[in-house]
There are 2 protein chains.
Amino acid sequence: MPINPANNAAPGPPRIVILGAGFGGLFAARRMARLNAQVTVIDRQNYHLFQPLLYQVAGAALAPSDVAWPIRGLLKRQKNTRVVMAEVQGIDHQRREVLTGNGRFRYDYLVVATGAQTSYFGHPEWSQYAYDIKSLGDATAIREQILGAMEQAELCELESERQRLLTFIIIGGGPTGVEMAGIVAELGNSTANSDFRQLNSGEFHVILVEGTDRLLGVYPEKISAYTSHALQDLGVEVCTGQLVKEISPDGVLLSDGSKLDGTVIWCAGVMPTPAAAWLDAPRERDGRIPVTGELRLENQPGVFVIGDLAWCPDQNGRPLPGVAPVAKQQGRYIARLLSNELSGRPVPGPFKYRDYGMLATIGRGRAVSNFGRFSSKGWLTWWFWGLTHIYFLIARQMRLLVALKWLLEYLTFQRSSRLIISQNPKGQK
Amino acid sequence: MPINPANNAAPGPPRIVILGAGFGGLFAARRMARLNAQVTVIDRQNYHLFQPLLYQVAGAALAPSDVAWPIRGLLKRQKNTRVVMAEVQGIDHQRREVLTGNGRFRYDYLVVATGAQTSYFGHPEWSQYAYDIKSLGDATAIREQILGAMEQAELCELESERQRLLTFIIIGGGPTGVEMAGIVAELGNSTANSDFRQLNSGEFHVILVEGTDRLLGVYPEKISAYTSHALQDLGVEVCTGQLVKEISPDGVLLSDGSKLDGTVIWCAGVMPTPAAAWLDAPRERDGRIPVTGELRLENQPGVFVIGDLAWCPDQNGRPLPGVAPVAKQQGRYIARLLSNELSGRPVPGPFKYRDYGMLATIGRGRAVSNFGRFSSKGWLTWWFWGLTHIYFLIARQMRLLVALKWLLEYLTFQRSSRLIISQNPKGQK
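What you are looking at is a predicted structure, and each value in this text was computed from that prediction instead of being measured.

Asker: What's the story with the overall build of chain A in this structure? I'm lost.
Answerer: Across its full length, chain A holds 12 helices and 26 strands. In terms of overall size, chain A behaves like a compact globule, its C-alpha atoms giving a radius of gyration of 23 Å where 429 residues would be expected to give roughly 22 Å. For chain A, the C-alpha atoms occupy an extent of roughly 70 × 50 × 40 Å along the three principal directions. The burial tally for chain A puts 57% of its 429 residues in the buried class. Carbon and sulfur atoms form 52% of the exposed surface of chain A, whose accessible area is close to 18000 Å².

Structural data, given as structure tokens:
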């Protein structure tokens with residue numbers, strides 16, 4: 001019995017290799033269950049991460065296993081699909097092979113869905129001092145940094161040091177920054193007075209820094225104003241029109257020359273993962289890879305690029321944003337397209353994105369949404385946010401658990417995941 | 001305002017310092033809520049760990065935040081109590097101060113409850129190659145080692161290497177070893193066939209090694225026999241009468257000269273934590289510190305030692321075992337004793353342990369118990385085990401969550417926490 005059938009050159013059903021089990025890759029794979037093909041999903045992690053709730057792990061409201069599920073478990077019923085945990089090192093286009101640390105994998109069709117990673121806008125050295133929030137490890141590192149800083153402040157007699165320990169500077173006023181600022185402020189408000197004896201919530205500073213003149217730039221202006229007010233109600237200092245000039249072990253230097261000392265959490269930018277380099281394809285200015293209407297590479301019709309990595313224009317020629325719904329819909333589209341192609345039916349028309357709107361939450365009880373011309377805000381939107389996020393959780397059995405956790409936390413103000421398991425602080429080690 | 005009131009020499013209510021927030025320290029602190037005293041609980045972690053369920057984290061059945069809760073949250077309503085996260089470095093008996101990495105803490109009464117740590121029976125170098133199971137970090141390391149080894153085996157074409165990857169050798173046939181063997185075997189049985197494509201559960205080997213001639217030596221013999229059979233039903237190879245001669249990066253060498261290659265999990269022995277050295281007190285042969293009937297040090301009546309660290313004889317002069325119920329009852333006893341002493345009432349008689357029996361579980365659906373002359377086994381005992389463990393969970397809101405998780409897992413056979421977050425293997429790095 002050959003142990004790695006995909007390495008075997010024997011004829012058989014066509015081989016589809018999917019790189020990355022984020023929203024794009026996972027939704028593609030799930031729709032391929034009935035395809036007469038050998039599907040291989042390669043990811044360097046063994047889990048699919050539900051990114052929209054990652055900030056809740058950073059804020060100690062959810063545990064890692066509430067927002068991440070083993071890819072194998074999600075795909076175990078698909079007998080035509082196997083999962084490989086390996087780091088991709090490159091692609092051999094001539095031999096149609098994906099090269100990994102654990103061997104080569106041949107493909108007839110390749111779906112590249114490796115997504116985006118944090119970008120420090122040309123300052124990779126800032127990553128030494130700032131926390132970013134792309135992976136599960138990032139989120140638990142932020143959680144432990146916040147909780148650890150509070151523990152240190154409780155014992156610290158030096159006023160300036162206490163202030164630095166209790167200051168959290170969040171860079172980027174998009175949805176991630178807004179959600180992060182809200183949850184960090186709430187963590188401080190709910191624990192500083194009750195759990196600690198020497199802290200009070202007035203000492204806890206959360207500062208949200210945004211380069212443009214308003215938060216949530218893609219939402220209507222009145223939503224931005226509401227968001228600012230809602231964050232200020234939680235005690236967040238909103239600081240718009242300020243660019244970051246420098247990040248150091250102590251904090252940040254802003255474009256107006258002011259210096260903020262504290263823990264820096266970077267929510268400002270993303271860039272494509274190295275997959276772009278393996279593909280040897282032209283790139284747009286933002287580093288993403290342009291694709292045809294069928295999400296293929298121009299000169300390699302067997303290679304598809306989807307999700308945050310793809311530069312895919314909408315009807316008006318503007319590129320689609322790097323958000324989960326785009327990736328999911330592209331994943332499903334690829335599965336339908338390949339299903340038709342493999343069975344000789346005509347392929348569907350070019351990919352069209354259906355925009356069901358945006359939702360962001362601002363702490364406990366407030367959220368904003370934007371659905372085309374219609375926008376909303378307030379507690380009803382927050383309940384809607386909670387219900388949709390629970391509905392969209394991938395692993396069905398998690399819905400009940402997460403719903404129950406949120407309910408308990410809502411009723412008791414008690415965060416269930418406030419553990420400091422390993423201390424791995426940045427910068428001033 | 002003095003930031004660290006305990007460092008201040010001003011007169012005030014007496015200072016009680018508790019070292020360690022395990023079962024002993026936590027139960028002492030909780031019963032001191034109404035004492036006219038300044039209570040300080042010092043622990044190097046920010047959480048209390050529910051040790052009896054730690055093996056479930058190693059087996060990916062529960063998440064770390066299901067079995068550990070922030071000490072601050074548990075004690076936040078006790079306004080006379082503060083929590084300090086710090087590493088204790090020593091005790092200055094003359095000045096009655098506890099020395100930590102974060103300053104000195106004065107005491108009038110000291111309760112030492114720092115518990116036990118893993119003992120490799122004179123071979124500390126074995127800890128490089130074997131996994132042990134005392135801390136939350138240990139448990140997640142075992143979980144990631146098992147899941148990571150299965151991922152590697154799935155891609156491995158070399159038969160001998162596959163076999164080594166899929167072999168798990170558990171040392172020690174006490175309750176911890178039995179529970180660990182059961183959960184590891186079940187993890188293999190429930191995932192090898194369904195989640196992986198190249199593995200089958202027959203390749204998954206769990207070997208339980210015990211030095212004496214039967215498992216669970218403190219239980220009656222028929223319970224030991226039942227346990228052996230129950231584990232064998234799960235596919236565990238039970239290997240009694242075998243001592244470990246050597247642990248190497250590849251596996252273990254047993255006293256009969258046989259060599260087992262695989263991941264080694266050490267559940268065989270514990271020894272007192274370094275606190276014994278700080279106390280400058282005589283020790284018993286097992287390293288524990290003998291205490292008076294009132295759990296005091298002979299020559300320092302203001303210093304109490306409780307839990308796994310204390311050598312405390314029962315009515316027959318035999319030392320009490322190092323188990324959670326002893327520590328809990330001793331903690332409560334100290335609180336009552338100090339309450340009486342501080343208010344001038346007569347102190348209670350010497351500490352008496354009430355033995356409510358022992359319970360251990362063998363995988364899904366089977367457990368054994370021993371209550372004095374009465375012992376039981378089977379599925380009814382397992383349900384009893386589940387109910388009592390949920391009842392004893394410290395943080396009330398966790399009961400519902402853990403009950404729900406177990407129910408979902410029981411119905412779906414799906415483990416919710418199978419995440420490989422960081423890879424930190426022992427030995428063959």
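Once you've had a look at it, read on.
Asker: I tried to follow the sheet that holds strand β6 (residues 88-92) of chain B on my own but got confused; where do I start?
Answerer: In sheet architecture, strand pairing relies on hydrogen bonds along the backbone and comes in two forms, parallel and antiparallel. Residues and elements named next belong to chain B. With respect to topology, 3 strands assemble into an open sheet ordered β6-β7-β8, the strand pairing being antiparallel. Two strands close off the open sheet at either side, each with one partner strand: β6 and β8 (103-106). Taking each pair of neighbouring strands and ignoring which way they run, the sheet shows an average axis angle of 25°. Note: strand β7 (residues 97-100) against β8, 4 bridges, orientation antiparallel. Bridge pairing in β8 places leucine 99 opposite arginine 104.

Asker: Explain helix α11 (residues 379-392) of chain A here, please?
Answerer: Counting along an α-helix, one turn takes 3.6 residues, and residues three or four places apart therefore face a common direction. With 14 residues, α11(A) should reach 20 Å at 1.5 Å per residue; the first-to-last C-alpha distance of 20 Å fits that figure. Regarding α11(A), the residues found buried are A:Thr381, A:Trp382, A:Trp385, A:Gly386, A:Thr388, A:His389 and A:Ile390.

Asker: I'm lost on a nonpolar patch on the surface in this one. Help?
Answerer: All names here are of chain A. A surface patch of nonpolar side chains, about 390 Å² in accessible area, is lined by Trp379, Leu380 and Trp383. Inspection of the secondary structure puts leucine 380 in helix α11. Given the relative accessible area of 58%, leucine 380 is considered exposed.

Asker: What's the story with the packing of aromatic side chains in this structure? I'm lost.
Answerer: What characterises a pair of aromatic rings is the spacing of the ring centres plus the angle enclosed by the ring planes. Applying the stated criterion across every chain yields a total of 22 aromatic pairs over all chains. When the centroid spacing of 5.8 Å and the interplanar angle of 65° are considered together, the rings of A:Phe121 and A:Trp266 count as edge-to-face. With A:Phe121 in the loop between β10 (116-118) and β11 (130-132) and A:Trp266 in strand β18 (residues 263-266), this pair connects stretches of sequence that are 145 residues apart. By relative accessible area, A:Phe121 is classed as exposed at 53%. Judged by centre distance (5.8 Å) and plane angle (65°), the ring pair of B:Trp126 and B:Trp266 falls under edge-to-face.

Asker: What is the right way to look at the packing of helix α1 (residues 23-30) of chain B against helix α10 (residues 324-342) of chain B in this model?
Answerer: Between two packed helices, both the angle of their axes relative to each other and the distance between the axes serve to describe the pair. Residues and elements named next belong to chain B. For the pair α1 and α10, interaxial distance at closest approach is 7 Å and the crossing angle is 30°. With respect to each other, α1 and α10 are oriented roughly parallel. Both α1 and α10 take part in a crossing whose hand is right-handed. Contacts between α1 and α10 involve Phe23, Gly24, Phe27 and Ala28 from the former and Ala324, Ala327, Lys328, Gly331, Arg332 and Ala335 from the latter. Partitioning the contact of α1 with α10 into residue classes produces 6 nonpolar, 2 polar and 2 charged.

Asker: Sorry if this is basic, but what is going on with the sheet that holds strand β11 (residues 130-132) of chain B here?
Answerer: Residues and elements named next belong to chain B. Here 5 strands make up an open sheet; going across it, the order is β11-β18-β12-β13-β14 and the pairing parallel. At either end of the open sheet lies a strand with only one pairing partner, and these are β11 and β14 (236-239). When strand polarity is set aside, the average angle formed by the axes of neighbouring strands in this sheet is 25°. Sheet analysis places strand β12 (residues 167-171) next to strand β13 (residues 205-209), joined by 5 bridges and oriented parallel. Looking at β13, one finds that isoleucine 171 is bridged to valine 209.

Asker: Sorry if this is basic, but what is going on with the pattern of salt bridges here?
Answerer: Pairing between side chains becomes possible if they bear opposite charge and their charged atoms approach one another. Residue and element names in this part refer to chain A. This model, assessed by the stated rule, comprises 27 salt bridges over all chains. Measuring nitrogen to oxygen at the nearest pair gives 2.9 Å for the salt bridge that ties aspartate 233 to arginine 366. With a gap of 133 residues between them, aspartate 233 in helix α8 (residues 221-233) and arginine 366 in the loop between β24 (358-361) and β25 (367-371) connect regions that are remote in the sequence. Note on aspartate 233: relative accessible area 57%, which makes it exposed. The class for arginine 366 is partly exposed, based on a relative accessible area of 26%. A salt bridge links lysine 259 to aspartate 261; the shortest N-O distance between them is 3.0 Å.

Asker: Help me understand the side chain of A:Gln56, please; the structure alone is not making it clear to me.
Answerer: Residues and elements named next belong to chain A. Counting through the fold element by element, glutamine 56 comes out in helix α2 (residues 54-58). A polar contact is formed between the side chain of glutamine 56 and the side chain of tyrosine 55, at a distance of 3.3 Å. Here glutamine 56 is in contact with Ala61, Leu62, Ile183, Trp385 and Trp406, once residues within four sequence places are set aside.

Asker: How should I be thinking about the confidence of the model for chain A in this particular structure?
Answerer: Regions with low pLDDT carry predicted coordinates that are not meant to be interpreted in detail. All names here are of chain A. For chain A, the average pLDDT comes to 89, and 92% of its residues sit at 70 or higher. Contacts for the low-pLDDT stretch residues 1-6, under 50 throughout, to residues beyond four places or in other chains number 19 contacts. Predicted complex, confidence summary: ipTM 0.87, pTM 0.90.

Asker: Sorry, what's going on with the state of the cysteines here?
Answerer: A disulfide bridge is the covalent bond that connects two cysteines by way of their sulfur atoms. In total, this model carries 0 disulfides over all chains according to the counting rule given. B:Cys239 takes part in no disulfide bond, and the closest cysteine sulfur, belonging to B:Cys267, lies 15 Å away.

Asker: Looking at this model, I keep getting lost on the environment of B:Leu187. Mind explaining?
Answerer: Among the secondary structure elements, B:Leu187 is positioned in helix α7 (residues 175-195). C-alpha separation for the pair B:Leu187 and B:Trp278, spaced 91 residues apart in sequence, amounts to 42 Å.

Asker: Honestly, the nonpolar core in this entry has me stumped. Any pointers?
Answerer: The nonpolar side chains of soluble globular proteins are, as a tendency, buried together. Grouped together as the largest cluster of nonpolar side chains are 126 residues, with contacts concentrated most on B:Leu19, B:Met32 and B:Met180. One finds A:Val39, A:Ala276, A:Ala335 and A:Trp385 within the second-largest nonpolar core, a separate group that totals 124 residues.

Asker: Where do I start with the environment of A:Thr227 in this structure?
Answerer: Residues and elements named next belong to chain A. With respect to the secondary-structure elements, threonine 227 resides in helix α8. Judged by its relative accessible area of 0%, threonine 227 falls in the buried class. For the pair threonine 227 and leucine 215, spaced 12 residues apart in the sequence, the C-alpha separation amounts to 7.3 Å. Here isoleucine 223 takes part through its backbone oxygen, which lies 2.8 Å from a polar atom of the side chain of threonine 227.

Asker: It is not clear to me how the environment of B:Ser194 should be interpreted in this structure. Could you clarify?
Answerer: Following the sequence through the fold, B:Ser194 ends up in helix α7. The class of B:Ser194 is partly exposed, set by a relative accessible area of 21%. For the pair B:Ser194 and B:Leu279, spaced 85 residues apart in sequence, the C-alpha to C-alpha distance is 54 Å. Setting aside residues up to four positions removed in sequence, B:Ser194 forms contacts with A:Lys76 and A:Lys79. Separated by 3.1 Å, the side chain of B:Ser194 and the backbone oxygen of B:Ser190 make a polar contact.

Thresholds, definitions, all that
Residues numbered from 1 in each chain as written. Chains lettered and ligands numbered in written order. Predicted model: local features only at pLDDT ≥ 70, side-chain atom pairs only at ≥ 80, totals over all residues. Heavy atoms only, no water. Helix = DSSP H or I, 4+ residues; strand = E, 2+ residues; numbered from the N terminus. Rg over C-alpha atoms; globule rule 2.2 N^0.38 Å. Buried < 20%, exposed > 50% of the residue type's maximum accessible area, 1.4 Å probe, protein only. Areas by Shrake-Rupley, 256 points an atom, 1.4 Å probe, with all protein chains shown as cover. Pairing = 2+ DSSP bridges. Axes fitted to C-alpha atoms, helices over the stretch in contact; angles between N-to-C directions. Expected span 1.5 Å × (residues − 1). Patch = residues over 30% accessible without salt bridge, like charges linked within 9 Å, V, L, I, M, F, W, Y side chains within 5 Å. Salt bridge = Lys/Arg side-chain N within 4 Å of Asp/Glu carboxyl O. Phe/Tyr/Trp six-rings, centres within 6.5 Å; stacked < 30°, edge-to-face > 60°. Parallel < 35°, antiparallel > 145°, perpendicular 65-115°, else oblique. Left-handed = near helix turned anticlockwise from the far one by under 90°. Contact = heavy atoms within 4.5 Å. Nonpolar A, V, L, I, M, F, W, Y, C, P; charged D, E, K, R; others polar. Polar contact = N/O pair within 3.5 Å; in protein donor to acceptor, adjacent residues only side chain to side chain. pLDDT = per-residue confidence, 0-100. Disulfide = S-S within 2.5 Å. Core = buried A, V, L, I, M, F, W, Y, C linked by side-chain atoms within 4.5 Å.

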